[in-house]
Amino acid sequence: GKVRAPTHVVSTICDDRGEEPTYYGVTMSELITGDYGIGDVLALLWFKRKLPKYATKFIEMCLMLCADHGPCVSGAHNSIVTSRAGKDLVSCLVSGLLTIGPRFGGAIDDAARCFKEACDKGLAPPDFVEGLKRQGKRVPGIGHRIKSKDNRDKRVELLQNYAEKFFPATRYLQYAVSVEEYTLGKAANLVLNVDGCIGALFLDLLSSSGAFSAKEVDEVISIGYLNGLFVLARSIGLIGHALDQKRLQEPLYRHPWEDVLYTS
Ligand code: ACO
Ligand code: LMR
């Protein structure tokens, strides 16, 4: 009989060979004529399933709320400087994206991992925080440069309120909030930040929506899907900043001498 030559690539999320492309089996026509949005597209291509409306709306809220946070944050600053150096749009975008990591925007997966492990073990928030401190680690998802106890992050409040209204359960969010209660006793800027809030709420979504088995939740957490939400969202803002600089015809950026402490 015929022997199928082994392929060099395996793909399980889409198919572009038929009359019309599909995203995890859903045709383009269905996407456009049905009640689908970008949250549904993300659910099909990242999670390989349809998710309930409240969940795709939550994904869209994360994308909308993380799209930009002003020109001064690491990512936007890099994109602005790159744009002013006359580089192309893709270079401006990636130079901004490359700042996303454990300190800025890329703490969502670590926050989800840490909150899940601690909450599932029933670890009291002070023990969780002090345990990380003993290891010389910061609590991912906690802390902000400009947000504090008296200047809360509106994004966190909006996501929290939505989840409390529409999610079947918010066990991990409650845990993250109790961690925040403890860290706020140490310093006013140790708030639950937007990365931590999304990490905790995604855990709640994954584990209470009924759409994921416990093994699948662990897979999402261990592969690390969630920083992708910030990357995707912030790309919108980074492109905006790059275009803004070009539109303004801003010249090459050079950092002022007075703002550097020369010690040599
Ligand atoms: N856990 C424990 N202690 C902390 C934390 C934390 N997450 N954040 C700050 N501290 C404490 C530390 O004692 C720190 O002192 P150290 O430098 O000796 O460790 C002290 O606060 C002051 O820290 P700074 O570095 O001055 O705080 P900064 O304002 O620069 O930090 C940052 C902000 C980077 C967000 C920090 O809080 C942090 O690393 N958080 C964890 C990572 C994280 O969640 N990042 C995502 C932020 S949200 C976003 O980017 C969209
Ligand atoms: C962001 O969304 O970029 C931030 O929360 C980081 C910041 O310093 O504003």
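Residues numbered from 1 in each chain as written. Chains lettered and ligands numbered in written order. Predicted model: local features only at pLDDT ≥ 70, side-chain atom pairs only at ≥ 80, totals over all residues. Heavy atoms only, no water.

With an unreviewed UniProt entry as reference, the chain is termed ATP citrate synthase, source organism Raphidocelis subcapitata.

Enquirer: What is the right way to read the sheet that holds strand β3 (residues 26–27) from this model?
Expert: What holds strands together in a sheet is hydrogen bonding between their backbones, with the strands either parallel or antiparallel. Read across the sheet, 3 strands follow the order β1-β2-β3 without closing on themselves; strand pairing throughout is antiparallel. The open sheet has two edge strands with one neighbour each: β1 (14–15) and β3. Examined bridge by bridge, β1 and strand β2 (residues 22–23) share 2 bridges and lie antiparallel to one another. Bridge assignment links C14 to a residue of β2, and that residue is Y23. (Pairing = 2+ DSSP bridges. Helix = DSSP H or I, 4+ residues; strand = E, 2+ residues; numbered from the N terminus.)

Enquirer: Could you clarify how one ought to interpret the nonpolar core in this entry?
Expert: Across soluble globular proteins, you tend to see nonpolar side chains buried next to one another. Ranked by internal contacts, the top residues of the largest apolar core, which has 59 residues, are F58, F115, F128, L159, I198 and F202. When sequence neighbours within four positions are dropped, the list of residues in contact with F128 reads C114, F115, A118, L123, V139, Y175 and V179. (Core = buried A, V, L, I, M, F, W, Y, C linked by side-chain atoms within 4.5 Å. Buried < 20%, exposed > 50% of the residue type's maximum accessible area, 1.4 Å probe, protein only. Contact = heavy atoms within 4.5 Å.)

Enquirer: Could you clarify how one ought to interpret the packing of aromatic side chains in this entry?
Expert: Between two aromatic rings, the relevant description is the distance of the centres plus the angle of the planes. The full count for this structure, using the stated rule, is 11 aromatic pairs. Centre to centre, the rings of F58 and F167 are 5.1 Å apart; their planes meet at 75 degrees, and the pair counts as edge-to-face. Taken together, the residues F58 in helix α3 (residues 53–65) and F167 in the loop between α8 (154–166) and α9 (171–184) connect sequence positions 109 residues apart. For the residue pair F58 and F167, the accessibility class agrees, reading buried in each case. Three or more aromatic residues joined by ring pairs make a cluster, and in this case those are F47, Y54, F58, Y162, F166, F167, F202, F212 and Y225. (Phe/Tyr/Trp six-rings, centres within 6.5 Å; stacked < 30°, edge-to-face > 60°.)

Enquirer: Looking at this structure, I do not really get the site of ligand 2. What am I missing?
Expert: In the vicinity of ligand 2, the contacting residues are H69, V73, F104, H144, R155 and R234. Measuring from an oxygen atom of ligand 2, one finds a side-chain N or O atom of R155 at 2.7 Å. About the coverage of ligand 2: the protein hides 84% of its 270 Å² of free accessible area. When each cavity is represented as a set of grid points, ligand 2 is found to reside in the largest pocket. When grouped by side-chain class, the residues that make up the shell around ligand 2 number 2 nonpolar, 2 polar and 2 charged. (Near = heavy atom within 4 Å. Polar contact = N/O pair within 3.5 Å; in protein donor to acceptor, adjacent residues only side chain to side chain. Areas by Shrake-Rupley, 256 points an atom, 1.4 Å probe, with all protein chains shown as cover. 1 Å grid on protein atoms, 1.4 Å probe; cavity = no way out; pocket = protein on both sides within 12 Å on 5 of 7 lines; lining within 4 Å. Sits in = over half its atoms within 2 Å of the grid points. Nonpolar A, V, L, I, M, F, W, Y, C, P; charged D, E, K, R; others polar.)

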